[in-house]
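# Secondary and tertiary structure notes
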Amino acid sequence: MYQDSFVPYVNKWGRRTNLLAVALSLGPAVALLGVFGILPPTAAIVGAFASVAVTFGWAWFIEPLSYYPVLGIPGTYMAFLSGNISNLRLPCAAAAQEASDVETGTPQASIISTVAIAASIFVNTVMLGIGAVALVSAFQALPELWRNALESYLVPAVFGAIFAQFGRDYPSIAAIGFTIALVMTVLLEFGYLAFLPSYPLYAVIIVSVFGTTLIARWMWHHDMISPPDEASE
Amino acid sequence: MDVANSRWLWLSTVPVVMVVLLQAAIFLRRAWKDGKEMGLSEEKLKTGFKTGVISAIGPSIAVLAGMLALIATVGGPVAWMRLTVIGSIAFELPAAELGLSQFGYSLGDESISETAYATAVWAMTLGGTGWLLVSAFGTRHMETVRSKISNGNEKLIPIISAAAMLGAFAYFLSGEVTAGTPETGAVAVGGLAMLALLHVADSRDIQWIREWSLGAAMFVGLLAGVAIQVTVGSWW
């Protein structure tokens, strides 16, 4: 039943809906172009996409592969369509399997996690929708100092927190990565990278990402680091 | 930001959000029906659904707190769409920053040009499709790929991906640290708050602290930035 009927059905519709979402997610970009006539130059879009791909390209493949055993087949389609996986979908699926007393890894567990993830999607779509509308008006009503503070300091605080979260397991790699990035950024700001074509921000990103990765690999081969016993996510 | 919060942008986000809901409805209906035929009781299925609803409330509020940062920078509709479809704060903020940086702007700058804003939207959109395409085409092959990869270098994979992530976020941090003293304070205090919260969550095994850690660390870091701005100002 599960292998012969449920899984093929999920594969068929999962692929269709996720591909449809790829097309429809262009909505805001298309609205900016169609309604307001705003289209960035191709070079800027390509440059931005290349930077994002260098930074997150790993995660496109690593995350589905590493969460798949927990999420199951339907859960993988749903979780990567709706996002917020480690902080929302995984806990919901795990809690539901626990509460309905099914054995992890069985087809029954996969059915329960499908039901739970669907439920979580209904809840968070509605809550975030209401919240977005309310927060926009709240934000516009704030006094100047706090609006400025939200615009200027919320982002660095989030970046600091996420860096700490990843760096907790590998403090030495975090320190090395930060040193490389800071040196490259200072070189850029003082104009020492001007020999490179156009605005060489990409050089800072590439050297930071690949430099840190190569050093980490070298350290691993020399037994200087090891993965933590338990993954933090 | 008039464009960013306009009615047209709200409307443009509706279709893709509908797809998310539609997929959830299709899968839920089929799982319910097939689940019963596989011998799961109605009661167990209801428990699964209810637990899903209840466990989603806390984390959703936490995501809402994180959404404030995105609303302040890209407006309500895009923030809602990006966090309902595909995204998480940890991806969307950096992606937006990378888009803006094509024109030399940074998140939080006054009067960002409309073109730079549109580039941020494109960067988030195209960047997010990576996960959608991998899950659309790859899910049915996951089992095969996993067994191939884990052949040998299994232990190196988490280290390499953590290092790539750390390298990328180190780049974001260095941009903030060179921007000024309040920004540096926000980075440092946000990071330390996160470490403290995760330490407490781990040592006492309290799940809700883990869910709230990013939202809480974010606000503590924000307050640190404001405190430095109104006291010592910026030294560089």
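Residues numbered from 1 in each chain as written. Chains lettered and ligands numbered in written order. Predicted model: local features only at pLDDT ≥ 70, side-chain atom pairs only at ≥ 80, totals over all residues. Heavy atoms only, no water.

## Description of the overall build of chain B
To be explicit about the condition: Counting from the N terminus, the helices are the DSSP runs of H or I reaching at least four residues and the strands are the DSSP runs of E reaching at least two. Relative accessibility under 20% of the residue-type maximum defines a buried residue, over 50% an exposed one, and the middle range a partly exposed one, all with a 1.4 Å probe and only protein chains included. Any two residues whose heavy atoms approach within 4.5 Å are treated as being in contact. Using a 1.4 Å probe, accessible areas were evaluated by the Shrake-Rupley method; residue-level cover was limited to the displayed protein chains. None of His or the chain ends enter the tally, which takes Lys and Arg as positive and Asp and Glu as negative. Positions of charges follow a simple convention, taking NZ of Lys, CZ of Arg, CG of Asp or CD of Glu.
The secondary structure content of chain B amounts to nine helices and zero strands. Starting at the N terminus and walking to the C terminus, you meet the elements of chain B as α-α-α-α-α-α-α-α-α. Here the C-alpha coordinates of chain B stretch approximately 70 × 45 × 35 Å along the principal axes. Burial analysis of chain B (236 residues in total) assigns 57% to the buried set. Partitioning the contacts of chain B with sequence separation of at least 6, the portion at a separation of at least 24 is 59%. Working note: accessible area of chain B is about 9,400 Å², and carbon and sulfur atoms make up 63% of it. Across chain B, the mean location of the 15 positive side-chain charges is 15 Å away from that of the 17 negative side-chain charges.

## Overview of unusual backbone geometry
Here Asp223 of chain A, not a glycine, exhibits a phi torsion of approximately 60 degrees, which is positive. Tracing the backbone through its elements, the reader meets Asp223 of chain A in the segment after α8 (201-221). In this structure, Asp205 of chain B is a non-glycine residue whose phi angle is positive, near 55 degrees. For Asp205 of chain B, the location among the structural elements is in the loop between α8 (181-204) and α9 (207-231). Overall, the relative accessible area of 60% leaves Asp205 of chain B in the exposed class.

## Focus: the interface of chain B and chain A
Using the following cut-off: Summed over both partners, the accessible area (1.4 Å probe) lost when two parts come together is defined as the buried area. Here, a salt bridge means any side-chain nitrogen of Lys or Arg that lies within 4 Å of a carboxyl oxygen of Asp or Glu. Polar contacts, as counted here, are pairs of nitrogen or oxygen atoms within 3.5 Å of one another; within protein the pair requires one atom able to donate a hydrogen and one able to accept it, and residues that are adjacent in sequence qualify only if both atoms are side-chain atoms. Residues are grouped as follows: Ala, Val, Leu, Ile, Met, Phe, Trp, Tyr, Cys and Pro are nonpolar; Asp, Glu, Lys and Arg are charged; all remaining types, including Gly, are polar.
Each partner contributes to the interface: chain B provides 150 residues, whereas chain A provides 142 residues. Buried surface at the junction of chain B and chain A, both sides included, amounts to about 13,500 Å², of which 80% is carbon and sulfur. Where chain B touches chain A, the interface holds one salt bridge. The closest approach of N and O atoms between Asp202 of chain B and Arg168 of chain A, which form a salt bridge, is 2.6 Å. Remark: the boundary between chain B and chain A carries 15 residue pairs in polar contact (both at pLDDT 80 or more). Counting residues per element, the side of chain B that touches chain A draws most heavily on helix α1 (residues 7-37) of chain B, at 23 residues. Of the residues assigned to the side of chain B that touches chain A, the class counts are 93 nonpolar, 42 polar and 15 charged.

## What about the packing of aromatic side chains?
Worth spelling out the cut-off: Ring pairs are drawn from Phe, Tyr and Trp, using the six-membered ring of Trp, whenever the two centres fall within 6.5 Å, and their geometry is named by plane angle: stacked under 30 degrees, edge-to-face over 60, tilted for the rest. In this scheme, the term charge over a ring applies when either NZ of a lysine or CZ of an arginine sits within 6 Å of the ring centre and within 35 degrees of the ring normal.
This model, assessed by the stated rule, comprises 14 aromatic pairs over all chains. Both rings, one in Phe166 of chain A and one in Phe169 of chain B, keep their centres 6.1 Å apart while their planes meet at 35 degrees; by these two values the pair is tilted. Of this pair, Phe166 of chain A sits in helix α6 (residues 144-167) while Phe169 of chain B sits in helix α7 (residues 156-177), on two different chains. The class of Phe166 of chain A is partly exposed, set by a relative accessible area of 21%. Aromatic pair Phe169 of chain B and Phe172 of chain B: ring centres 5.4 Å apart, planes at 65 degrees, arrangement edge-to-face. Placement of the pair is Phe169 of chain B and Phe172 of chain B together in helix α7, with a separation of three residues, close to one helical turn. Neither residue differs from the other here; Phe169 of chain B and Phe172 of chain B are each classed as buried. Here Arg16 of chain A stacks its cationic end above the ring of Trp13 of chain A, 4.9 Å away from the centre of that ring. Looking at Arg30 of chain B, its charged tip hangs above the ring of Tyr9 of chain A, at a distance of 4.1 Å from the centre.

## Quick look at the environment of Asn18 of chain A
Looking at the secondary structure, you find Asn18 of chain A in helix α1 (residues 2-24). Sequence separation between Asn18 of chain A and Gln165 of chain A is 147 residues, and the spatial gap between their C-alpha atoms is 29 Å.

## Some details on the confidence of the model for chain B
Selection rule: What pLDDT reports is the predictor's confidence in each residue, on a scale of 0 through 100.
Per-chain confidence: chain B averages 87 in pLDDT, with 96% of residues scoring 70 or above. Mean pLDDT in chain B bottoms out at helix α6 (residues 142-149) of chain B, which sits at 73, and peaks at α1 of chain B, which reaches 95.

## Section: the side chain of Thr73 of chain B
Looking at where Thr73 of chain B falls in the secondary structure, it is placed in helix α2 (residues 42-74). At 2.9 Å, the side chain of Thr73 of chain B and the backbone oxygen of Ala69 of chain B are in polar contact.

## Some details on the packing of α1 of chain A against helix α3 (residues 42-82) of chain A
Residues and elements named next belong to chain A. The condition that has to hold: To define axes, lines are fitted to C-alpha atoms, for helices over the stretch in contact only, and angles between the resulting N-to-C directions are given on a 0 to 180 degree scale. Here roughly perpendicular refers to angles of 65 to 115 degrees, roughly parallel to angles under 35, roughly antiparallel to angles over 145, and oblique to all remaining angles. By convention the crossing between two helices is left-handed if the near helix lies anticlockwise of the far one by an angle smaller than a right angle, and right-handed if it lies clockwise.
Running from N to C, α1 and α3 point in directions that differ by 15 degrees, and their axes come no closer than 9 Å. In terms of their interaxial angle, α1 and α3 are classed as roughly parallel. As α1 packs across α3, the resulting crossing turns out to be left-handed. Contact with α1, carried on its side by Tyr2, Phe6, Val7, Val10, Asn11, Gly14, Arg15, Asn18 and Ala21, involves Ile73, Pro74, Tyr77 and Leu81 of α3 and no other residues of that element.

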